[in-house]
Amino acid sequence: MSTVVELKDVHKRFGSNAVLKGVSFSIAKGQVTAIIGRSGSGKSTALRCMDRLEVIDSGSINVCGHALHDPQIDLRVLRQDVGIVFQSYNLFPHLTVEENIMLAPTVVKKMRRADAHAIAMRTLTQVGLADKAKSYPEQLSGGQQQRVAIARSLAMEPKVMLFDEVTSALDPQLTGEVLRVIEKLAADGMTMVLVTHEMEFASKVADTIIFMHEGRVWETGTGDMLRHPQTEELQAFLAGGL
Ligand SMILES: Nc1ncnc2c1ncn2[C@@H]1O[C@H](COP(=O)(O)OP(=O)(O)O)[C@@H](O)[C@H]1O
Ligand SMILES: [Mg+2]
């Protein structure tokens, strides 16, 4: 199996705050990895390092054949291979849904508008929102806006998708519709990393679960790990004590 993401002994600090203290893991093509852990454990930082939104202090990260620790890296090429979706959707309010999605393909990839539009319609269909192409973001629910944000990311045809707590701002019903989109992507073979609080979802969809604690990979396993945590820290986290 080919490796799509590989972190080796990654260290990252913000000033005196050591946030990643030697993080290593790898993800094979088509695999879904969930990262869980208490707030402040370094999950978002680890994810952001995978798209080089943060630059690491030491260690190495390879994503889709790009060496992210290489100062000469071509970020434009990297970011065509890596899609990242955040808790906040950040859609442009003055653009329609389809225009939001067409923006990066036309500007970054210099795609013809007709081709970009075809991709927008395809990715909107993937997230179940083809009928909202002409709507403006404010006319959509939070869950629908998040699905548009996912479609926008998919329109760049990434090789790996990173999701950082994409349902945290949504109520349970809207959370469900976003999780179903992610589940479908998983079934279609997309390589994904999900930072999530949705434990049930993580154990169902993820091939591997990584529990981060204080900047380290504390425990790794399959969904079963959540029923049989080995470390006290994971037990406490799952009990809701942290
Ligand atoms: N850009 C930044 N500048 C300074 N400190 C940061 C920055 N990003 C994150 N941190 C700090 O890094 C630690 C880990 O944060 P984060 O990776 O967001 O954790 P998590 O996503 O697990 O909640 C926190 O102490 C946070 O305050
Ligand atoms: Mg976070």
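Quick note: structure is the one above.
What you see is a predicted model; the values in this text were computed from it and never measured. (Residues numbered from 1 in each chain as written. Chains lettered and ligands numbered in written order. Predicted model: local features only at pLDDT ≥ 70, side-chain atom pairs only at ≥ 80, totals over all residues. Heavy atoms only, no water.)

Draft legend 1. Seen up close, the overall build of the protein chain. Assigned secondary structure in the protein chain consists of eight helices and 10 strands. Since a compact globule built from 242 residues should have a radius of gyration of about 18 Å, the 18 Å found for the protein chain is in line with a globular shape. C-alpha extents for the protein chain along the principal axes are approximately 55 × 45 × 35 Å. For the protein chain, with 242 residues in total, the buried portion stands at 52%. For the protein chain, long-range pairs separated by at least 24 residues make up 64% of all intrachain contacts whose partners lie at least 6 apart in sequence. (Helix = DSSP H or I, 4+ residues; strand = E, 2+ residues; numbered from the N terminus. Rg over C-alpha atoms; globule rule 2.2 N^0.38 Å. Buried < 20%, exposed > 50% of the residue type's maximum accessible area, 1.4 Å probe, protein only. Contact = heavy atoms within 4.5 Å.)

Draft legend 2. Quick peek at the site of ligand 1. All residues in the neighbourhood of ligand 1 are listed as F14, N17, V19, R38, S39, G40, S41, G42, K43, S44 and T45. A distance of 3.2 Å separates an oxygen atom of ligand 1 from a polar atom in the backbone of S41. When isolated, ligand 1 has an accessible area of 560 Å², and the protein chains bury 59% of it. Of all elements in the fold, only β2 (17–28) and α1 (43–50) reach the threshold of two or more residues within the shell around ligand 1. Among the elements that make up the shell around ligand 1, the one with the highest residue count is α1 (three residues). Among the residues making up the shell around ligand 1, the classes are represented as two nonpolar, seven polar and two charged. (Near = heavy atom within 4 Å. Polar contact = N/O pair within 3.5 Å; in protein donor to acceptor, adjacent residues only side chain to side chain. Areas by Shrake-Rupley, 256 points an atom, 1.4 Å probe, with all protein chains shown as cover. Nonpolar A, V, L, I, M, F, W, Y, C, P; charged D, E, K, R; others polar.)

Draft legend 3. Summary view of the sheet that holds strand β8 (residues 191–195). Strand order in the open sheet made by the six strands is β6-β7-β8-β3-β9-β10, with mixed pairing throughout. Taken across any chain shown, the strands that pair with only one partner, and hence form the sheet edges, are β6 (82–85) and β10 (216–221). Sheet twist, expressed as the mean angle between neighbouring strand axes with direction ignored, is 20°. Of the pairings in the sheet, the one linking β6 to strand β7 (residues 160–164) comprises four bridges and is parallel in character. Bridge assignment links I84 to a residue of β7, and that residue is L162. (Pairing = 2+ DSSP bridges. Axes fitted to C-alpha atoms, helices over the stretch in contact; angles between N-to-C directions.)

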